[in-house]
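Remarks on the overall topology
One letter stands for each residue in the lines below.
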Amino acid sequence: MATPSKSGFPKLPPSLAAERRGEVAILTLKRPQKRNALDDATILGIEAFFSTLPADIKAAVVHGVGEHFSAGLDLGELTERDVAEGVQHSRMWHRAFERIEFGKVPVVAVLHGAVVGGGLELAAAAHIRVAERSAYYALPEGSRGIYVGGGASVRLPRLIGVTHMQDMMFTGRIYSAEEGQSLGLSHYLVGNGKGLAKGIALAERIAENAPLTNFGIMHVLPRIAESDPASGYLAESLMAAIAQGSKDAKVRLKDFLEKRGKKVLRG
Ligand code: 1HE
C-alpha cells in the first residue's frame, strides 16, 4: 500500500490526481489521451486512494477530465493473460471498487461522455451518480469477446435489473443520459459542464451528516436490503439504536427541538 504524502493522499500514478476541498476529497481520472481507460496502475491507484483517505475527509467525488468519464478496461493491457491471471486481475478490480462501495466515506461519481465497460463498473461502485447530458452507457464486453470483471454482475442488476444488463451485453445497446436517468443509472441529470459542481455540492451535503448515520447508509443499509427480512429488521434495529445513542444524535435532535436545526422544506 502506498504511503500517504504531505497532502494526506497516497502517491498516485500519472493517470490520477487527488485534491481536497474542505472535508471532500476529489479523485480525477486524468488520462484523456486514452479516454481514461483503466490500466492496472490506475486501478491500484484507486484502491490506494480510497484505502488511505485522511481521517477528516467525510465524502469523496470521482470524475474524469477530457471528453469521456472512462472507456473502461485498458484493452492494450489485455494481452496474453491465462485463466488464472485473468481471475487475479478481476479480483484486483473487485478489491479496488470494494474500497469505494464499502470504504470510509460516501462517494459521488460525476459522469460524462463514455461511461462504458469498466468505466460503468467504477461508476456503479459509487453511492451517488451525477450524469451530464453527454453521458452514455454501454457494456461492449460482448462485442470484444470478453466479460465484465469489475463487479458489474453484482452492482448493475441492483441498479437496472438483470434483463436490462443482459440487453446491454447481448446487443451492445447504448443508453443515453436521459435513458440512464430513468433506468436508475444516475440519480441526478445536469447540463454539460455542470456535473463536477453538482457532485461537489452533493458531497459537501453528505459530509454534513453525522458520521455514524453515513456509516449506516453505506455499510448496513445495502446488506439489509439483500438479506432475508428477519435479519434485515434486526440489523436495522441495531443500527438505529447505535446511531440514536451517539452524541451527534443527541446534539442534532436537541438542535431541532430548540429551533436551531434545519426544517425539511421543499427547495
Ligand atoms: C483505449 C481505450 C480502451 C480508447 N483501452 N485504449 N472499452 C471499450 O470497448 C471502449 C473502447 N473505446 C472506444 O470505443 C472509444 O475510444 C471511445 C468511444 C471511448 C472514444 O472515442 P474517441 O474517438 O474519442 O477516441 P479514440 O480515437 O477511439 O481513442 C483515443 C485513444 O484512446 C486511442 O489510442 P491512440 O494511441 O490511437 O491515440 C485508443 O486506442 C485509446 N483508447 N479506449 C485502451 N478501452 C474489468 S473488465 C472491464 C471490461 C471492459 O471495460 S470492456 C470495455 C472496453
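Residues numbered from 1 in each chain as written. Predicted model: local features only at pLDDT ≥ 70, side-chain atom pairs only at ≥ 80, totals over all residues. Heavy atoms only, no water.

1. Considering the overall build of the protein
Heads up, the condition is: Each helix corresponds to a stretch of at least 4 residues labelled H or I by DSSP, and each strand to a stretch of at least 2 residues labelled E; elements are numbered beginning at the N terminus. Contacts are assigned to residue pairs that have any heavy atoms within 4.5 Å of one another. With residues, only the protein chains shown are counted as cover, and all accessible areas are computed by Shrake-Rupley using a 1.4 Å probe. His is not counted, nor are the chain ends; Lys and Arg add positive charge and Asp and Glu add negative charge. Charge positions are represented by NZ for Lys, CZ for Arg, CG for Asp and CD for Glu.
Looking only at helices and strands, one finds eleven helices and nine strands in the protein. Seen through its C-alpha atoms, the protein measures out along the principal axes to roughly 65 × 45 × 40 Å. Partitioning the contacts of the protein with sequence separation of at least 6, the portion at a separation of at least 24 is 70%. For the protein, the accessible area works out to roughly 14,000 Å², and carbon and sulfur atoms hold 58% of it. Taking the average place of the 33 positive charges on the side chains of the protein and the average place of its 28 negative ones, the gap between the two points comes to 8 Å.

2. Describing the pattern of salt bridges
As a reminder of what qualifies: By salt bridge we mean one thing: a side-chain nitrogen of Lys or Arg within 4 Å of a carboxyl oxygen of Asp or Glu.
For the structure shown, the criterion picks out 16 salt bridges. One salt bridge in this structure joins Glu 258 and Lys 254, with 3.6 Å as the shortest N-O distance. Salt bridges linked by common partners bring Glu 101, Arg 155, Arg 158 and Glu 226 together as one network.

3. Brief notes about the sheet that holds strand E8 (residues 175-176)
This is how it is decided: At least two bridges found by DSSP between two strands are what make those strands a pair. Every axis in this analysis is a line fitted to C-alpha atoms, fitted for helices over the stretch in contact. Angles between the N-to-C directions lie between 0 and 180 degrees.
Strand order in the open sheet formed by three strands is E5-E7-E8, with mixed pairing between adjacent strands. In this open sheet, the two strands that pair with only one neighbour each are strand E5 (114-116) and E8. The pairing of strand E7 (residues 136-138) with E8 spans two bridges and is classified as antiparallel. The residue of E8 that forms the bridge with Tyr 137 is Tyr 175. Packed onto the sheet, helix H3 (residues 118-125) meets E5 and E7 and runs at close to 85° relative to E5.

4. So, the packing of aromatic side chains
Under the convention used in this document: Aromatic pairing here means that ring centres of Phe, Tyr or Trp (its six-membered ring) are within 6.5 Å. Orientation follows from the plane angle: under 30 degrees is stacked, over 60 is edge-to-face, and everything else is tilted. Classification of residues uses two cut-offs on accessible area relative to the type maximum, computed with a 1.4 Å probe and protein chains only: under 20% is buried, over 50% is exposed, and between them is partly exposed.
One pass over the full model with this rule turns up three aromatic pairs. Ring geometry for Phe 9 versus Phe 49: centroids 5.4 Å apart, planes at 25°, classification stacked. With Phe 9 in the segment before strand E1 (16-21) and Phe 49 in helix H1 (residues 40-51), this residue pair connects regions lying 40 residues apart in the sequence. For Phe 9, a relative accessible area of 3% corresponds to the buried category. Here the aromatic rings of Phe 49 and Phe 50 are separated by 4.9 Å at their centres, their planes lie at 90°, and the arrangement is edge-to-face. Owing to a relative accessible area of 1%, Phe 50 belongs among the buried residues under this scheme. In textbook terms, an aromatic cluster arises when at least three aromatic residues are bridged by ring pairs, as seen for Phe 9, Phe 49 and Phe 50.

5. Digging into the site of the ligand
Short version of the rule: Residues are labelled near a given molecule or strand when at least one of their non-hydrogen atoms is within 4 Å of it. Side-chain atoms alone can form a polar contact between residues adjacent in sequence; in general such a contact is a pair of N or O atoms within 3.5 Å, and within protein one must be able to donate a hydrogen while the other accepts it. In the scheme used here, Gly and all other residues not listed as nonpolar or charged are polar, with Ala, Val, Leu, Ile, Met, Phe, Trp, Tyr, Cys and Pro taken as nonpolar and Asp, Glu, Lys and Arg as charged.
Residues in contact with the ligand amount to 24 residues; listed here are only the nearest, Lys 34, Ala 71, Leu 73, Gly 118 and Arg 144. At 3.4 Å from an oxygen atom of the ligand is found a main-chain nitrogen or oxygen belonging to Gln 33. Here Arg 144 contributes a side-chain N or O atom positioned 2.5 Å from an oxygen atom of the ligand. Across the shell around the ligand, the residue classes tally to ten nonpolar, eight polar and six charged.

6. Thoughts on the side chain of Ser 15
Tracing the backbone through its elements, the reader meets Ser 15 in the segment before E1. There is a polar contact of 2.7 Å between the side chain of Ser 15 and the side chain of Thr 42. Residue contacts for Ser 15: discarding those within four places in its chain leaves Thr 28, Leu 29, Lys 30, Arg 31, Asp 39 and Thr 42.

7. What to know about the pairing of E1
Across six bridges, E1 lies against strand E2 (residues 24-29) in antiparallel orientation. Within E2, the residue paired with Ala 17 across the bridge is Thr 28. Linking two consecutive strands that pair antiparallel, namely E1 and E2, is a turn of two residues; a positive phi of about 60° is found at Gly 22 within it.

8. Points about the nonpolar core
Counted only if it meets this: Residues belong to a common nonpolar core when they are buried Ala, Val, Leu, Ile, Met, Phe, Trp, Tyr or Cys residues joined through side-chain atoms within 4.5 Å.
One finds Ile 46, Phe 50, Phe 97 and Tyr 137 to be the most contacted residues of the largest nonpolar core, which totals 47 residues. In contact with Phe 50, other than residues within four places in its own chain, are Leu 27, Ala 60, Arg 99, Ile 100 and Val 107. Counting 13 residues, the second-largest nonpolar core is a separate cluster that includes Ala 59, Val 108, Leu 202 and Ala 203.

These values are about where atoms sit, not about what they do.
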